[in-house]
Amino acid sequence: MTAADIIIENGRILTMDPDRPRASAVALKGGAIIGVGDPAEMDELSGRSTRRIDAAGVSVLPGFIDSHIHIFAGGAQLGSLSLAGLSGYERVAAAIRQRAGRNIDPGVLVAEQAAYSIFGEDEPITRHVLDRILPDAPLALFASDHHTMWANTAALKAAGILHGREVPPGNEIVMGEDGLATGELREFEGFAPITDLTPTGGREMLGLMGHEPKSPPTSAQRAVDLGILRRGLAYCASLGITSFHNMDGNFYQLELLEEIDRAEGLGVRGRVPFRMLPGMALSQLDKAAEMRRRWNSDWLKADFVKMFMDGVIESTTADMFADYEGMPGVSGFSFFEQDEFDAICTAADRHGLQIAVHAIGDAAVNRTLNGYEAARRANGSRDSRHRIEHIEMLAPADLPRFAELGVLASVQPTHAPGGAYPLEPIVSMVGRERMRTGYAWQTLRDAGAKLVFASDWPVAPLDPLLGIRTAMTRRRAFEGAPDERQSLTDSIAGFTADGAFAEFAEDRKGVLKAGTMADLVILSGDIESTEPERIDELKVQATICGGRITYERPA
Ligand SMILES: [Zn+2]
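Residues numbered from 1 in each chain as written. Predicted model: local features only at pLDDT ≥ 70, side-chain atom pairs only at ≥ 80, totals over all residues. Heavy atoms only, no water.

J.: It is not clear to me how the overall build of the protein should be interpreted in this structure. Could you clarify?
T.: Along the protein, the regular secondary structure elements total 19 helices and 24 strands. Expressed along its principal axes, the backbone C-alpha trace of the protein runs to roughly 80 × 55 × 50 Å. Looking at the protein as a whole, 59% of its 555 residues are labelled buried. Counting contacts in the protein only where the partners sit at least 6 residues apart, residues at least 24 apart contribute 71% of the total. Split by element, the accessible area of the protein, about 21200 Å² in all, is 49% carbon and sulfur. One finds the centroid of the 56 positive side-chain charges in the protein at a distance of 4 Å from the centroid of its 78 negative side-chain charges. (Helix = DSSP H or I, 4+ residues; strand = E, 2+ residues; numbered from the N terminus. Buried < 20%, exposed > 50% of the residue type's maximum accessible area, 1.4 Å probe, protein only. Contact = heavy atoms within 4.5 Å. Areas by Shrake-Rupley, 256 points an atom, 1.4 Å probe, with all protein chains shown as cover. Lys, Arg positive; Asp, Glu negative; His and termini not counted. Charge placed at Lys NZ, Arg CZ, Asp CG, Glu CD.)

Structure, rendered in structure tokens:
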């Protein structure tokens, strides 16, 4: 008889296993689940060295899988000033000046989580406004979506871009009529000169473009980066997360994670993609294959390709079929031409790689679906599970194509207006008609699409319980708009079983049954009897990953 290392009993266990959805006890040994059932069934698995944990009637779930995060950037932001939820000049200025007084941001003070309308709907963020807040020291505000940054004059000068600079298409250092930069910096290459000034030199952002550090980081710089990743991983564990799909990647980040894995274990299982960019030769995909060879364990794997098709609605860079509301001639753009994108999808698919593409506007989603269809036409049908990230706007004609092509809809509940964020400005920018199929989670589900949920941390808060709450309680965009709220079971599955499916691991994680990985989370209460609006008030009592306790809530 094998004695369990740990038996959790008296829990309200939601296994997410359709064959046995509920249980009250679960036994773990050597990183795997060896039994799920009632206490009597578990008794025969109990030995003298077995640790018995009394879950006292609270919910026990499979460990959360966050299918879209940015671990390096998220970890780096944990120590930064956050402007989340702040608006109005006086309040923002006070927060920034207080932080500046503490003198803990060498190089440039970067305030995170700024709303595009932080100073008011019609009040653009310019270097002049920021100069009033902090005239002499470099200051930058980072939009929560990480697609735009605003810098004051001192920061623009320090970065050497006050007079502008040539940047690749799709990126922009916005210039004013006076011939000087306005302070608005669009997309990665637009604000890279500013992030270069931070203690990490912007290394946490390099994976977004798939770049490697320009020169090998020194051991001191490496130590800074390892510390950031360790903080990020610990933060994941504290919120019940046992697996994440990173949505940026490079060899450097993978090597850092491997170093932590070797030293003390990651505590959270990670997947990291190869980043394919417009204009790259198809032969670059060999690097993705190399990544997959080097990192292919249960703890760290590099087994997919990530691309960006477009930007975001707030900065009108999301690619739409029709103009933005009240903005003639403005409809966004796609980073890839259809031909080039089809060729990349076909080649990556032939390598057997899963593809994940950021697509927010309806035209970008359409182009992405076309690419997946082209790959299928060329290579034949296989269980590819290609994914589209975000899918904020969707042409009604494209609805059935998710099921037809077996494409996963990877959506982030907290991103939707009417949930964690207000309905405006999004609804006005796209108009009501388009919002009918905007953030269309239930509509997609009803059309046969498979969904998976995620946070997109640090773009939005990491807490999966907030994600579940938002998925269940989001308001309609306007009266008469479809109700896109999710059931509790679908919401939990989106952060557990569906995440496992999205990484071809549905037999091994995301459900609690004998033989799956011992990854689970114990909550502070019963999620089923908690009002949906209050689910994010629940806390994580303990997180177990690979049979090891990776987080325990302090008493
Ligand atoms: Zn993202």
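J.: Could you clarify how one ought to interpret helix H11 (residues 338-350) in this entry?
T.: One full turn of an α-helix is made of 3.6 residues, so residues set three or four places apart face in the same direction. Helix length check: H11, at 13 residues, gives a terminal C-alpha distance of 18 Å against a target of 18 Å (1.5 Å per residue), a fit within 8%. Along H11, the residues classified as buried are Gln338, Phe341, Asp342, Ile344, Cys345, Thr346, Ala347, Ala348 and Asp349. In this fold, the buried residues of H11 make contact with helix H10 (285-294), strand S17 (300-308), strand S18 (354-359) and helix H12 (362-379). (Expected span 1.5 Å × (residues − 1).)

J.: Mind showing me how you'd approach the coordination of the zinc ion here?
T.: The textbook angles at a metal center are 109.5 degrees for a tetrahedron of four donors and 90 or 180 degrees for an octahedron of six. Bound to the zinc ion are the protein donor atoms His68 (NE2), His70 (NE2) and Asp456 (OD), situated 2.1 to 2.2 Å from the metal. Donor residues binding the zinc ion come from one chain and are separated in sequence as H-x1-H-x385-D. Residue class for His68 comes out buried when judged on its relative accessible area of 1%. (Donors = N, O, S within 2.8 Å, 3.2 Å for Na, K, Ca; no water.)

J.: Can you walk me through the nonpolar core in this structure?
T.: A general trend in soluble globular proteins is that nonpolar side chains are found buried together. Counting residues in hydrophobic clusters, the biggest one holds 101 residues, and the most contacted among them are Met307, Ile313 and Phe402. If you look at the next biggest cluster of nonpolar residues, it comprises 26 residues, including Phe142, Val167, Leu185 and Leu277. (Core = buried A, V, L, I, M, F, W, Y, C linked by side-chain atoms within 4.5 Å.)

J.: Explain the sheet that holds strand S6 (residues 51-54) here, please?
T.: Strand pairing in a sheet relies on backbone hydrogen bonds. The paired strands run either parallel or antiparallel. If you walk across this open sheet you meet the four strands as S5-S4-S1-S6, and the pairing is mixed. Among the strands making up the open sheet, the edge pair consists of strand S5 (32-37) and S6. Between one strand axis and the next, the sheet turns by 15° as a mean value, whatever way the strands run. Where strand S1 (residues 6-9) lies against strand S4 (residues 25-29), three bridges are found, and the strand directions are antiparallel. Residue Ile7 lies in a different strand from S4, and its bridge partner there is Ala27. (Pairing = 2+ DSSP bridges. Axes fitted to C-alpha atoms, helices over the stretch in contact; angles between N-to-C directions.)

J.: Is there a simple way to explain the pattern of salt bridges in this structure?
T.: Side chains that differ in charge, positive against negative, can pair when their charged atoms come close. Tallied over the entire structure, the rule returns 35 salt bridges. Close ionic contact of Asp43 with Arg52 constitutes a salt bridge, the shortest N to O distance being 3.3 Å. By relative accessible area, which is 47% here, Asp43 ends up partly exposed. Connected through shared salt-bridge partners, Arg12, Arg22, Asp526 and Glu528 make up one network. (Salt bridge = Lys/Arg side-chain N within 4 Å of Asp/Glu carboxyl O.)

J.: Before we go on, may I ask you to explain the environment of Val330 in this structure?
T.: One can find Val330 in the loop between S17 and H11. Distance in space between the C-alpha atoms of Val330 and Gly101 is 41 Å, their sequence separation being 229 residues. In this structure, Val330 is in contact with Thr316, Asp323 and Tyr324, ignoring residues within four places of it in sequence.

J.: I keep staring at the sheet that holds strand S24 (residues 548-552) and nothing clicks. Help me out?
T.: Spatially, six strands are ordered S3-S2-S7-S22-S23-S24 in an open sheet, and the strand pairing comes out mixed. The open sheet terminates on both sides in strands that have one partner only, identified here as strand S3 (22-23) and S24. Note that strand S7 (residues 59-62) and strand S22 (residues 520-523) share three bridges and pair antiparallel. The residue bridging Val60 from the neighbouring strand is Ile522, located in S22.

J.: Hey, could you run me through the packing of H11 against H12 in this one?
T.: How two helices sit against one another is set out by the angle between their axes and by the gap between those axes. H12 packs onto H11 with a crossing angle of 50° between their chain directions and a minimal axis gap of 8 Å. When the interaxial angle is binned, H11 and H12 end up oblique. Judged by the sense of rotation from one axis to the other, the crossing of H11 with H12 is right-handed. Contacts between H11 and H12 involve Gln338, Phe341, Asp342, Cys345, Thr346, Asp349 and Arg350 from the former and Arg367, Thr368, Asn370, Gly371, Tyr372, Ala374, Ala375, Ala378 and Asn379 from the latter. Across the contact of H11 with H12, the residue classes tally to six nonpolar, six polar and four charged. (Parallel < 35°, antiparallel > 145°, perpendicular 65-115°, else oblique. Left-handed = near helix turned anticlockwise from the far one by under 90°. Nonpolar A, V, L, I, M, F, W, Y, C, P; charged D, E, K, R; others polar.)

J.: Looking at this structure, how should I read the pairing of S22?
T.: The alternating pattern of S22 places Leu520 and Ile522 on one face and Val521 and Leu523 on the opposite face, and all of these are buried. Where S22 lies against strand S23 (residues 540-545), four bridges are found, and the strand directions are antiparallel. Among the inter-strand pairings, Ile522 is bridged to a residue of S23, identified as Ala542.

J.: Sorry if this is basic, but what is going on with the pairing of S7 here?
T.: Where a strand is regular, its side chains alternate between the two sheet faces. Two strands pair when backbone bridges link them, and strand S2 (residues 12-14) and S7 are joined in this way by two bridges, in the parallel orientation. Within S7, the residue paired with Ile13 across the bridge is Val60.

J.: Looking at this structure, I do not really get the packing of helix H9 (residues 251-263) against H10. What am I missing?
T.: Viewed as axis vectors pointing N to C, H9 and H10 meet at an angle of 5°, and their least axial separation amounts to 12 Å. Classified by the angle their axes make, H9 and H10 are roughly parallel. For the pair H9 and H10, the contacting residues are Phe251, Leu254 and Glu255 in the first and Lys287, Glu290, Met291 and Arg294 in the second. For the contact of H9 with H10, the residue count by class is three nonpolar, no polar and four charged.

J.: Is there a simple way to think about the side chain of Asp17 in this case?
T.: By secondary structure assignment, the location of Asp17 is in the loop between S2 and S3. The buried charged residue Asp17 lacks any salt bridge, with Lys513 as its nearest oppositely charged partner at 4.7 Å. Once residues within four sequence positions are removed from consideration, Asp17 is found in contact with Val511, Leu512 and Lys513.

J.: Help me out: how do you make sense of unusual backbone geometry in this one?
T.: The omega torsion of the bond from Glu424 to Pro425 falls at 10°, within 30 degrees of zero and hence cis. By the element assignment, Pro425 lies in the loop between strand S20 (408-411) and helix H14 (426-430). Note that the residue after Trp457, namely Pro458, is joined by a cis bond; omega there is 5°. One can find Pro458 in the loop between strand S21 (450-453) and helix H17 (464-473). One non-glycine residue, Ala56, lies in the positive phi region at around 50°. You can see Ala56 is positioned in the loop between S6 and S7.

J.: I would appreciate a short explanation of a negative patch on the surface in the present structure.
T.: Side chains of Glu121, Asp122, Glu123 and Glu424 sit close together on the surface and give a patch of like negative charge. Along the chain, Glu123 falls in the loop between strand S10 (109-114) and helix H4 (127-133). (Patch = residues over 30% accessible without salt bridge, like charges linked within 9 Å, V, L, I, M, F, W, Y side chains within 5 Å.)

J.: Please clarify how the side chain of Arg385 should be interpreted in this entry.
T.: Take Arg385: it is sitting in the loop between H12 and strand S19 (387-390). Each residue touching Arg385, except ones within four places of it in the same chain, is listed here: Gln354, Gly406, Leu408, Phe501, Phe504 and Glu506.

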